[in-house]
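A closer look at the structure
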Amino acid sequence: MSMSTGEPLKIAYSPCPNDTFVFDAWAHGRVPGAPALDVTFADIDITNGMAERGELDVLKVSYAVLPWVLEEYALLPCGGALGRGCGPLVLTREPGGDLAGRTVAVPSERSTAYLLFRLWAADVLPEGVGKVVVLPFHEIMPAVRDGRVDAGLVIHEARFTYQDYGLHCLADMGEHWESTTGLPIPLGAIIARRSLGAQRLRALAESARTSVRMAWDDPEASRPYVRAHAQELDPAVADQHIGLYVNEFTAGLGESGYAAVRGLLTRAAAEGLVPAIPPGALDFPQD
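Residues numbered from 1 in each chain as written. Predicted model: local features only at pLDDT ≥ 70, side-chain atom pairs only at ≥ 80, totals over all residues. Heavy atoms only, no water.

Quick look at the confidence of the model for the chain
Here is the rule we go by: You can read pLDDT as the predictor saying how much it trusts each residue, on a scale of 0 to 100. Secondary structure follows DSSP: runs of H or I at least 4 residues long count as helices, runs of E at least 2 residues long count as strands, and numbering of each begins at the N terminus. Whether two residues are in contact is decided by their heavy atoms: any pair within 4.5 Å suffices.
The predicted model of the chain averages 92 in pLDDT, with 97% of residues at 70 or higher. Across the chain, element-level confidence peaks in strand E4 (residues 73-75) with a mean pLDDT of 98 and bottoms out in helix H6 (residues 158-161) with 84. Under a pLDDT of 50 for its full length, residues 1-5 has, in the predicted model, 11 contacts with residues more than four places off or in other chains.

In structure tokens, the structure reads:
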């Protein structure tokens, strides 16, 4: 059934290149039969909060926030960000060093990055860090560089640009996750309101999957949208960002993608970091 009529679907995702690349075709009405979108651009910390408050129909959120929102929202099996070699990094001004008792800036207390950091710290920092402060992700590297914090947990294109700030990578959270689990790294999820119903949810998933494939088929078509919302980002870095975060898991989570999500949330619940999710909570609604 076509969903192109009626009120636009209220959606929120970040202005980062991977999200604008993924949603470009859909947001500009090029996905046949897909509903029109009313897009809000917001940092992941903001969209996590929107999901917890039950705002909007569709949101890009951290996988780490799912235990708090799965009663109202369903996880879509596509459109999100998982992968290998793409995890958050802990950066410092000086190479090496110890985080015990130090102040660490993170992008969100309910971000997947912070959850991966806490799982890493549980393994390698039994004494823990001194203090965690939340900063918008684009402010973290300047704060480390300027000595306002001792270390920073960074995401997104910071993987490619941190050396420009004279910073050093102390640890790679994704590398730790992959080496201890063998699973891809779950980062960002697309969720939609369960009250939309199974039929509409499946149509939304298909719209997202089609939008991804259209972006791959014609990468040039998305460039104006990507550049308009990443104006300070070097185009080559934007391309690296897209290449890393938009991959086969974006088109479909698959068995290993779902295993990674379940593994992250199960392990985090065992450590007391998130509430346990009920059986079947990650299942995508069917008829």
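Structure shown, so let's carry the discussion forward.
Comments concerning the layout of surface pockets
Basically, it comes down to this: Each cavity reported here is a set of points on a 1 Å grid over the protein atoms alone in which a 1.4 Å probe fits but cannot get out, each pocket an open set with protein on both sides within 12 Å along at least five of seven lines, and each lining residue one with an atom within 4 Å of a point. Grid points are joined across faces, edges and corners, and a volume is the space filled by probe spheres set on the points.
Of the pockets and cavities examined, the second largest pocket occupies roughly 230 Å³. Considering the residues around the second largest pocket, the lining is formed by Thr92, Arg93, Glu94, Pro95, Gly96, Gly97, Asp98, Leu99, Arg102, Val149, Asp150 and Leu170.

Section: the nonpolar core
Buried together is how nonpolar side chains tend to be arranged in soluble globular proteins. Under the convention used in this document: Think of a nonpolar core as a cluster: buried Ala, Val, Leu, Ile, Met, Phe, Trp, Tyr and Cys residues, connected wherever their side-chain atoms sit within 4.5 Å. Remark: exposure states derive from per-residue accessible area (1.4 Å probe, protein chains only) relative to the maximum for the residue type, with buried under 20%, exposed over 50%, and partly exposed in between.
Trp26, Leu59, Tyr63, Leu66, Phe117 and Leu204 are the most contacted members of the largest nonpolar core, which totals 90 residues. Element by element, the count of residues in this core is highest for helix H4 (residues 112-124), at 8 residues. Discounting chain neighbours no more than four positions away, the residues touching Tyr63 are Leu75, Ala81, Leu82, Thr112, Pro186, Leu187, Gly188, Ala189, Leu253, Val261, Leu264 and Leu265. Among the nonpolar cores identified, the runner-up in size contains 14 residues, and Leu89, Val154, Tyr162 and Leu167 belong to it.

A closer look at the packing of aromatic side chains
Each pair of aromatic rings is reported with the distance of its centres and the angle of its planes. Keep this limit in mind: Stacked, tilted and edge-to-face are the three classes assigned to paired rings of Phe, Tyr and Trp, where Trp is represented by its six-membered ring and a pair needs centres within 6.5 Å; plane angles under 30 degrees give stacked, over 60 edge-to-face, the rest tilted. Charge-over-ring contacts are defined here by two conditions on Lys NZ or Arg CZ: a distance within 6 Å of the ring centre and an angle within 35 degrees of the ring normal.
If you walk through the whole model with that rule in mind, you get 6 aromatic pairs. Taken together, a centroid distance of 6.1 Å and an interplanar angle of 35° make the contact between Phe23 and Trp26 tilted. Note that Phe23 and Trp26 are positioned in helix H1 (residues 17-27) at a spacing of 3 residues, about one turn of the helix. Given a relative accessible area of 3%, Trp26 falls into the buried group. Within the aromatic cluster, the residues linked to one another by ring pairs are Tyr13, Phe23, Trp26, Phe41 and Tyr225. The ring centre of Trp68 lies 3.7 Å from the NZ or CZ of Arg110, which sits over that ring.

Details of the state of the cysteines
Our working definition: The term disulfide is used for any two cysteine sulfur atoms that are within 2.5 Å.
In this structure the tally under the stated criterion is 0 disulfides. Cysteine Cys78 is unpaired, with the sulfur of Cys86 as its nearest cysteine sulfur at 18 Å. Owing to a relative accessible area of 1%, Cys78 belongs among the buried residues under this scheme. Under the relative-accessibility criterion, Cys86 is labelled buried at 1%.

With respect to empty space enclosed by the protein
Tallying each qualifying case throughout the model produces 1 cavity of 30 Å³ or more. Size it by volume and the largest cavity reaches roughly 270 Å³. Along the walls of the largest cavity sit 22 residues, with Ile44, Ile155, His156, Leu187 and Gly188 positioned nearest its centre. Every element with two or more residues in the lining of the largest cavity is listed here: H1, helix H2 (44-52), strand E3 (58-62), H4 and strand E11 (185-193).

Side note on the packing of H1 against helix H9 (residues 219-228)
Cut-off, in case you're wondering: To get an axis, fit a line to the C-alpha atoms, keeping to the stretch in contact for a helix; angles then go from 0 to 180 degrees between the N-to-C directions. For classification purposes, an angle smaller than 35 degrees is called roughly parallel, one larger than 145 roughly antiparallel, one from 65 to 115 roughly perpendicular, and anything else oblique. In a left-handed crossing the near helix is turned counterclockwise from the far helix by less than a right angle, and in a right-handed crossing that turn is clockwise. When residue character is reported, Ala, Val, Leu, Ile, Met, Phe, Trp, Tyr, Cys and Pro are called nonpolar, Asp, Glu, Lys and Arg charged, and the others, Gly included, polar.
The interhelical angle for the contact between H1 and H9, taken along N-to-C directions, is 110°, at an axis separation of 9 Å. Between H1 and H9, the angle falls in the class roughly perpendicular. Of the two possible hands of crossing, H1 and H9 adopt the one that is right-handed. Counting all contacts with H1, which are made through Pro17, Thr20, Phe21, Phe23, Asp24 and Ala27, the residues of H9 involved are Pro219, Ala221, Ser222, Tyr225 and Val226. A per-class count over the contact of H1 with H9 returns 8 nonpolar, 2 polar and 1 charged.

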